[in-house]
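Residue-level listing of the chains:
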Amino acid sequence: MSMINENNENIHPKIVSKIGIIGGGVSGIAIAKQLSHLNPIVFEASDSIGGVWKHCTYNSTKLQSHRRDYEFTDFPWPNRDNNDFPTHVEVLDYLRSYAKYFDVVKNIRFKSKVVELRFCGNPNSEFGGVGLSCDLEYGSLLPGETMWDVAVQTNDSHAIQWYSFEFVVVCIGKYGDIPKIPMFPRKRGPEVFKGKVLHTLDYCKLDQQAANQLLSNKKVVVVGFKKSALDLAMECAQANQGIEGKPCTMVIRTLHWTVPHYWIWGLPFFLFYSTRSSQLLHQRPNQGLLRALLCFMLSPMRLGISKFIESYLLSKAPLEKYGLKPEHPFEEDYASCQMAIMPENFFSEVEKGKIVFKKASKWWFCKDGIEFEDGAKVDADVVILATGFEGKKKLKAILPEPFCSLLEYPSGLMPLYRGTIHPLIPNMAFVGYVESVSNLHSSELRSMWLSGLVDDKFKLPKVERMLSQTVEEMEVMKKSTRFYKRHCISTYSINHSDEICNDLGWSSWRKKNWISEAFGPYSSQDYEKEE
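Note that the structure is a prediction, hence the values are computed from the model and not measured.

Caption draft 1: Broad picture of the sheet that holds strand β17 (residues 369-372). Taken in spatial order, the three strands line up as β16-β17-β18 in an open sheet, and their pairing is antiparallel. The open sheet is flanked by β16 (363-366) and β18 (377-379), the only strands paired with a single partner. When strand polarity is set aside, the average angle formed by the axes of neighbouring strands in this sheet is 25 degrees. Of the pairings in the sheet, the one linking β16 to β17 comprises four bridges and is antiparallel in character. Bridge pairing in β17 links Cys-366 to Gly-369.

Caption draft 2: Quick peek at empty space enclosed by the protein. As enumerated under the stated definition, the model contains one cavity of 30 Å³ or more in all. Lining the largest cavity, in full, are Phe-225, His-256, Trp-257, Thr-258, Leu-319, Leu-324 and Pro-326. Of the residues that constitute the lining of the largest cavity, the class distribution is five nonpolar, two polar and no charged.

Caption draft 3: Here's a closer look at the environment of Leu-453. With respect to the element layout, Leu-453 can be found in helix α14 (residues 439-454). Judged by its relative accessible area of 5%, Leu-453 falls in the buried class. A sequence separation of 311 residues divides Leu-453 from Leu-142, and the C-alpha atoms of the two residues are 9.9 Å apart. For Leu-453, the contacting residues outside a window of four places in its chain are Leu-141, Ile-421, Phe-458 and Leu-460.

Caption draft 4: How the structure looks around the packing of aromatic side chains. Counting across every chain of the model gives 40 aromatic pairs. Centre to centre, the rings of Tyr-163 and Phe-165 are 6.1 Å apart; their planes meet at 5 degrees, and the pair counts as stacked. Neither residue differs from the other here; Tyr-163 and Phe-165 are each classed as buried. The rings of Phe-85, Tyr-262, Phe-269, Phe-272, Tyr-273, Phe-308, Phe-330 and Tyr-334 are connected pair by pair, giving a single aromatic cluster.

Caption draft 5: Looking closely at the pattern of salt bridges. Under the counting rule described, the total for this entry stands at 26 salt bridges. With its nearest N and O atoms 2.6 Å apart, the salt bridge here joins Glu-116 to Arg-118. On the basis of relative accessible area, Glu-116 is assigned to the partly exposed category, the value being 25%. Linked by salt bridges that have partners in common, Arg-67, Asp-84 and Glu-90 make up one network.

Caption draft 6: Layout of the sheet that holds strand β15 (residues 355-359). Taken in spatial order, the five strands make up an open sheet running β8-β19-β9-β10-β15, and their pairing is parallel. The open sheet has two edge strands, β8 (196-199) and β15, and neither has a second partner. Adjacent strand axes in the sheet meet at a mean angle of 20 degrees, parallel and antiparallel pairs treated alike. By the bridge criterion, four bridges tie β8 to strand β19 (residues 382-385) in an arrangement that is parallel. Among the inter-strand pairings, Leu-198 is bridged to a residue of β19, identified as Ile-384. Strand contacts of helix α5 (residues 208-215): β8, β9 (220-223) and β19, with the helix running at about 125 degrees to β19, the strand carrying the most contacts.

Caption draft 7: Here's a closer look at the layout of surface pockets. Here the second largest pocket defines a volume of roughly 650 Å³. Lining the second largest pocket are 26 residues, with Ile-341, Met-342, Pro-343, Glu-344 and Asn-345 sitting closest to its centre. Elements with a minimum of two residues in the lining of the second largest pocket: α6 (227-239), α10 (299-316) and α12 (346-351). Take the lining of the second largest pocket: its biggest share by element is five residues, from α6. Among the residues making up the lining of the second largest pocket, the classes are represented as eleven nonpolar, eight polar and seven charged.

Caption draft 8: Structural detail: the nonpolar core. Membership of the largest hydrophobic core comes to 87 residues, with the highest contact counts inside it found for Trp-148, Phe-430 and Leu-450. In this structure, Leu-450 is in contact with Ile-31, Leu-141, Phe-167, Val-169, Thr-420, Ile-421, Ala-429 and Val-431, ignoring residues within four places of it in sequence. In this structure, Leu-230, Trp-257, Ile-305 and Leu-319 belong to the second largest nonpolar core, which totals 54 residues.

Caption draft 9: Geometry of the state of the cysteines. Within the structure shown, the criterion is met by one disulfide. Note that Cys-337 is cross-linked by a disulfide to Cys-488, the S-S spacing being 2.0 Å. A torsion of 70 degrees about the S-S bond marks the disulfide between Cys-337 and Cys-488 as right-handed. Of this pair, Cys-337 sits in the loop between α11 (330-335) and β14 (340-341) while Cys-488 sits in the loop between α15 (463-480) and α16 (493-504), and the two are 151 residues apart along the sequence. On the basis of relative accessible area, Cys-337 is assigned to the buried category, the value being 19%. Residue class for Cys-488 comes out buried when judged on its relative accessible area of 2%. Distance from the sulfur of Cys-120, which forms no disulfide, to the nearest cysteine sulfur (Cys-404) is 18 Å. By relative accessible area, Cys-120 is classed as partly exposed at 26%.

Caption draft 10: Local environment of the packing of α14 against α16. Here α14 crosses α16 at 25 degrees, and the two axes come no closer than 10 Å. On the basis of the axis angle, α14 is roughly parallel to α16. The hand of the α14/α16 crossing is left-handed. Note on element contacts: α16 touches α14 through His-496, Ser-497, Ile-500, Asp-503 and Leu-504, opposite His-441, Leu-445, Arg-446, Met-448, Trp-449 and Gly-452. Here the residues of the contact of α14 with α16 are counted per class, giving five nonpolar, four polar and two charged.

About the cut-offs
Residues numbered from 1 in each chain as written. Predicted model: local features only at pLDDT ≥ 70, side-chain atom pairs only at ≥ 80, totals over all residues. Heavy atoms only, no water. Pairing = 2+ DSSP bridges. Helix = DSSP H or I, 4+ residues; strand = E, 2+ residues; numbered from the N terminus. Axes fitted to C-alpha atoms, helices over the stretch in contact; angles between N-to-C directions. 1 Å grid on protein atoms, 1.4 Å probe; cavity = no way out; pocket = protein on both sides within 12 Å on 5 of 7 lines; lining within 4 Å. Points joined across faces, edges and corners; volume = space filled by probe spheres on them. Nonpolar A, V, L, I, M, F, W, Y, C, P; charged D, E, K, R; others polar. Buried < 20%, exposed > 50% of the residue type's maximum accessible area, 1.4 Å probe, protein only. Contact = heavy atoms within 4.5 Å. Phe/Tyr/Trp six-rings, centres within 6.5 Å; stacked < 30°, edge-to-face > 60°. Salt bridge = Lys/Arg side-chain N within 4 Å of Asp/Glu carboxyl O. Core = buried A, V, L, I, M, F, W, Y, C linked by side-chain atoms within 4.5 Å. Disulfide = S-S within 2.5 Å. Parallel < 35°, antiparallel > 145°, perpendicular 65-115°, else oblique. Left-handed = near helix turned anticlockwise from the far one by under 90°.

Listed below in structure tokens is the structure:
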């Protein structure tokens, strides 16, 4: 071990190891398990694994899919055929059981917050300390010399412990930690409001009694219309039953399609988007001229399926009655991973007047509540911002220049080859930044791929080729949905998985017969690791 003194911080021996993993959420424990033979060190800022399932959930939060669609390949859920949606407590128990069963916890250092990363590669090497050049090979992930220094604060102390690694995997995710707060005109922000303002990140820290006390018999405004906002409005309505109960107002800028369950006119939802045959209707990267022509010829069928689903959703919920029908087609929400399950009995509370809606693109605070650009006002005691999180700020807070500036190069999204490797950032991987129908499955499959890459089972193409692939994926997303910046692969997820299987030397066709291969849904159980 060597001694260092970084910016007059407390001096501790530097700890040198091969692999560091930042984050102990779903992605962190997935990659820690796949790389367990190399004894990685996992840094988790809190006192528990689970990530958003531990720190960004309400009392009513549930998984939006069935158990069998959200499980690791080698660790099935107990009662996996139960068709109800597991609570966040059940999901957290499942993740903890997985980590315990595979002895992942032994490598996790809890209450260890990474506060800085420094590239320490040889300045005379081909990396030069300024990122990779497009005409270079990416190189080995374990080059035999340390490439990154990592500064860690432990147990909320001011002391810094430095580590050095050959390879670092970032798994801090896009959600939680840093709330996204809207910008307001001068003297029209939260400071002029006499009530209470909080973000969903603050609300998640409340126990059931404190949450009920905050909402009960209060005029509450919830800003947003995605899953967290819908769940929150439902909790607000339940806390305001009775004569003294006040309605909850949802302020909506952009409407999105919601579904009550996974059946459409008596047909299982997977038939429309989660089979090989259904994904033939959608564009995918590097599809070739004939494939592009076929996709174009089948576009009326694709649009028809979207309309078919919309007709069912409009028949099941009074969206038009309350002005909640989105202007964009359903498939754009699915292609951007924004489809949400509507809370049970949501519209019953709407019919009772416990939840009301106000559509507005611009709003600001006033003394007694909030005001809109059309001059309307809504009185409020509590305003809760369900406005999302600043995932990129988390990365930029710890990643140094010039790599920080490369996060969104070249087209506004973080270019991740196979959803994992940034072609211009050496000896670093990102797991959990590409979304799909099941983010757990996506993270596990990319963790398997990354493990194979670390073990030299295959080689990466040149940097230029990897960048070209990421740009192609982004172009496909841009053509599929106006919400493309979420980096979602749901409409070509099977093709994405095929590419990973091919890299690993596995068969990309995972089913037992061609009928299942064409019309059966793909899930994590189809991708058991091949040795």
